[in-house]
2 protein chains.
Amino acid sequence: MNSHDAHVEGPDLAALAALLADGTRASFCLALLDGRAWTAIELARYAGVAASTATGHLNLLVSGGLLTQERQGRHRYVRLADPDTAELIEKLASMAPRRADPPRSLPAANRSRALARARTCYDHLAGALGVAITEAMTERGLLDWEQGLTLTSDGTTWLAELGIAQPPATRRPPVRSCLDWTERRPHLAGAVGAALCRHTFDAGWITRIGTSRAVALTDTGKRALKDHLGLVDETQTPVR
Amino acid sequence: MNSHDAHVEGPDLAALAALLADGTRASFCLALLDGRAWTAIELARYAGVAASTATGHLNLLVSGGLLTQERQGRHRYVRLADPDTAELIEKLASMAPRRADPPRSLPAANRSRALARARTCYDHLAGALGVAITEAMTERGLLDWEQGLTLTSDGTTWLAELGIAQPPATRRPPVRSCLDWTERRPHLAGAVGAALCRHTFDAGWITRIGTSRAVALTDTGKRALKDHLGLVDETQTPVR
DNA sequence: GCGATCCTTCGGCGGCCGCCGAAGGATCGC
DNA sequence: GCGATCCTTCGGCGGCCGCCGAAGGATCGC
């Protein structure tokens, strides 16, 4: 820190960045990027630290405004505070250097394969599936990238046909492009991305794989994607 | 750091955040957010640290990919690496807590007044002027916020009339909304925002105030804004 | 050529911060 | 009620990291 700092004005960027500058806190945030609420002990185990250490980190993240918490009996549930926070973490993740080591064990390799195939990213879909849906929507003229990403009038109609209500106008943009870590191509985020993701769960198109953020396409989902987007099976599970 | 970290996969978010988690490095980045190249000693004086300290920080920021450098004689010039980096710093700045103390000295108060009025933010315009231009463009139907921010066909025509060439299609979005720190409302960023800002300099609508990132509207500029956007003087220097 | 300026390397100091385990409070399941 | 589980507080350890000044190389202006 700077003892005789002449620049007390302006935003305290370092204070915010410091919250994410620790390996354990960063791994908490990446875990929470699945959009769900986790308990303190779940996060501690995930990151491989003692429960007392996790408590301290969560206190920092909550009081710093990045997480919100909810006490339920003996459990402390935390989640990302809002879409803005998720967006910040996504942006950092998309620009951060990759870690060198690939996963070594077979289970770990399977886990990261499943994640790369399809997962939630905060409140929308990501991985090969998320990217494939986004690209199919573009090809069908539901999304337009000419002047920034927009939903076309065909897109509005398409959503209505699926029974997805147009999300109410808030500060959050309806459609937003989010760079996919594994695919290195953009997938659909924003309020419409969230509504679409919710629909795929509600309509039984996808289900969670165990307790992870990875998801699997159901048979219903395969049929629905073929009917509504012309997406065939091969597209969803590309051979790499 | 976590000694037996089970999560070596994925982006190293903490490493990137750590670059911005120091008060001195953060103040360097905020200074560089004016889009210009600074020498090492200029940044050291700005942040109030010894030259040797600045050297160390710049080495970290450059090798971390946030800054690019250029040697010219005895000078070391650094600037933000790319628009993506500027966007990351903007996002952090817009979410970071404000610092408590208002500026105490009269010159400092004048400086921050000038910055709030009109300044560059990386390669586009910000402050009351940037926001006023953005809002005037919206009122005239040159920008549309319905489905995310877009440039309308009227907007394209308007740019052409000003002699601003449509920026070539790259990964960078043509128009983007950037939350203004001082106004707490969005101003225009992206490739079009940059082209417009360049035009205002080239056409002599604005000039730098001294060596700061603050800019002043010229008489030519006032006339141009009135002619092309219907912006009257009052709008540009609102009484707060 | 000769000071002045810009920048760098190095050594050393000091403080912050992440970690754990022990102890204990609160809640749960049976 | 009574272990088990979740979470927290506390003390203490260790290491990292930001800071400076001194010394010196490289370049500049005159």
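In the annotation of an unreviewed UniProt entry, the entry for chain A reads Transcriptional regulator, and the organism field reads Streptomyces globisporus.

**Student:** Describe the protein's contact with DNA strand C, listing the residues and the values that go with them.
**Tutor:** In the vicinity of DNA strand C lie 22 residues, with A:T24, A:T53, A:H57, B:I41 and B:R76 positioned nearest. Sugar and phosphate atoms form 76% of the subset of DNA strand C atoms that lie within 4 Å of the protein. Contact between DNA strand C and A:A50: a phosphate oxygen at 3.0 Å from a main-chain N or O atom of the residue. A:T53 places a polar side-chain atom, nitrogen or oxygen, 2.6 Å from a phosphate oxygen of DNA strand C. Elements that contribute at least two residues to the surface near DNA strand C include exactly helix 2 (23-32) and helix 4 (51-63) of chain A together with helix 3 (40-47), helix 4 (51-63) and strand 3 (75-80) of chain B. Across the surface near DNA strand C, the residue classes tally to 6 nonpolar, 9 polar and 7 charged.

**Student:** If you had to explain the sheet that holds strand 2 (residues 67-72) of chain A to someone new, which residues and values would you point to?
**Tutor:** All names here are of chain A. Spatially, the 3 strands line up as an open sheet ordered 1-3-2, and their pairing is antiparallel. Strands at the two margins of the open sheet, each flanked by one partner only, are strand 1 (38-39) and strand 2. With 6 bridges connecting them, strand 2 and strand 3 (residues 75-80) associate as antiparallel partners. Counted as the bridge partner of R71 is R76 from strand 3.

**Student:** Break down the pattern of salt bridges for me, citing the residues and quoting the values.
**Tutor:** All names here are of chain A. All told, the structure shown has 18 salt bridges over all chains when counted by the stated rule. We note a salt bridge from D180 to R119, for which the minimum N-O separation is 3.2 Å. In this pair, D180 sits in the loop between strand 8 (176-179) and strand 9 (186-189) while R119 sits in strand 4 (residues 119-121), placing the two residues 61 residues apart along the sequence. With a relative accessible area of 0%, D180 lands in the buried category. Taking the relative accessible area as the measure of exposure, R119 reaches 6% and is therefore buried. Here R172 ties to D123 by a salt bridge, and the two come within 3.0 Å at their closest N and O atoms. Highlighted residues: R172 in the loop between helix 8 (153-162) and strand 8 and D123 in the loop between strand 4 and strand 5 (124-126), separated in sequence by 49 residues. The class for R172 is partly exposed, based on a relative accessible area of 24%. A relative accessible area of 22% places D123 in the partly exposed class.

**Student:** Could you give an account of the environment of A:A191, with specific residues and numbers?
**Tutor:** Residues and elements named next belong to chain A. Residue placement: A191 occurs in helix 9 (residues 190-202). On the basis of relative accessibility, which here comes to 13%, the residue A191 falls in the buried class. Once the C-alpha coordinates of A191 and R172 are considered, the two residues, 19 residues apart in sequence, prove to be 6.6 Å apart. Setting aside residues no more than four positions away along its own chain, A191 makes contact with P167, R172, P173 and P174.

**Student:** Now, about the packing of helix 2 of chain A against helix 3 (residues 40-47) of chain A: what can you tell me, with residues and values included?
**Tutor:** All names here are of chain A. Relative to each other, helix 2 and helix 3 sit at 115°, their axes nearing to 10 Å. Judged by the twist between their axes, the crossing of helix 2 over helix 3 is right-handed. Between helix 2 and helix 3, the residues in contact are T24, S27, F28, A31 and L32 and L43, A44, Y46 and A47, respectively. Split into classes, the residues belonging to the contact of helix 2 with helix 3 amount to 7 nonpolar, 2 polar and no charged.

**Student:** Describe the relation of the copies chain A and chain B, with residues and values.
**Tutor:** The two copies are related by a screw motion: chain A maps onto chain B through a turn of 180° and a shift of 0.0 Å along the axis, at an RMSD of 0.0 Å. Overall, the copies show the geometry of a two-fold rotation axis. Relative to the rotation axis, the C-alpha of A:A17 is the closest in chain A, positioned 2.7 Å from it. Take the interface residues of chain A: 100% of them recur as interface residues in chain B, which is what a same-surface contact looks like.

**Student:** An account of the interface of chain A and chain B is needed here, citing residue identities and associated values.
**Tutor:** Contacts between chain A and chain B engage 54 residues on the former and 54 residues on the latter. Together chain A and chain B conceal approximately 5100 Å² of surface at their shared face, both sides included; 62% is due to carbon and sulfur atoms. Considering only the surface of chain A that becomes buried against chain B, A:L13, A:R99 and A:Q147 emerge as the three largest contributors, covering 15% of it. For the pair chain A and chain B, the number of links is 4 salt bridges. Notably, a salt bridge pairs B:E87 with A:K91, separated by 3.5 Å at the nearest N-O pair. In this assembly, chain A and chain B are joined by 3 residue pairs in polar contact (both at pLDDT 80 or more).

**Student:** Provide a residue-level description of the protein's contact with DNA strand D, including the pertinent values.
**Tutor:** By nearness alone, 22 residues border DNA strand D, and A:I41, A:R76, B:T24, B:T53 and B:H57 come closest of all. At the protein interface, 77% of the atoms of DNA strand D within 4 Å belong to sugar or phosphate. In the model, a phosphate oxygen of DNA strand D is placed 3.0 Å from a nitrogen or oxygen of the B:A50 main chain. Elements with a contribution of two residues or more to the surface near DNA strand D: helix 3, helix 4 and strand 3 of chain A together with helix 2 (23-32) and helix 4 of chain B. Among the residues making up the surface near DNA strand D, the classes are represented as 6 nonpolar, 9 polar and 7 charged.

Definitions and cut-offs
- Residues numbered from 1 in each chain as written.
- Chains lettered and ligands numbered in written order.
- Predicted model: local features only at pLDDT ≥ 70, side-chain atom pairs only at ≥ 80, totals over all residues.
- Heavy atoms only, no water.
- Near = heavy atom within 4 Å.
- Polar contact = N/O pair within 3.5 Å; in protein donor to acceptor, adjacent residues only side chain to side chain.
- Helix = DSSP H or I, 4+ residues; strand = E, 2+ residues; numbered from the N terminus.
- Nonpolar A, V, L, I, M, F, W, Y, C, P; charged D, E, K, R; others polar.
- Pairing = 2+ DSSP bridges.
- Salt bridge = Lys/Arg side-chain N within 4 Å of Asp/Glu carboxyl O.
- Buried < 20%, exposed > 50% of the residue type's maximum accessible area, 1.4 Å probe, protein only.
- Contact = heavy atoms within 4.5 Å.
- Axes fitted to C-alpha atoms, helices over the stretch in contact; angles between N-to-C directions.
- Left-handed = near helix turned anticlockwise from the far one by under 90°.
- Least-squares fit on C-alpha atoms with pLDDT ≥ 70 in both.
- Buried area = accessible area lost by both parts, 1.4 Å probe.

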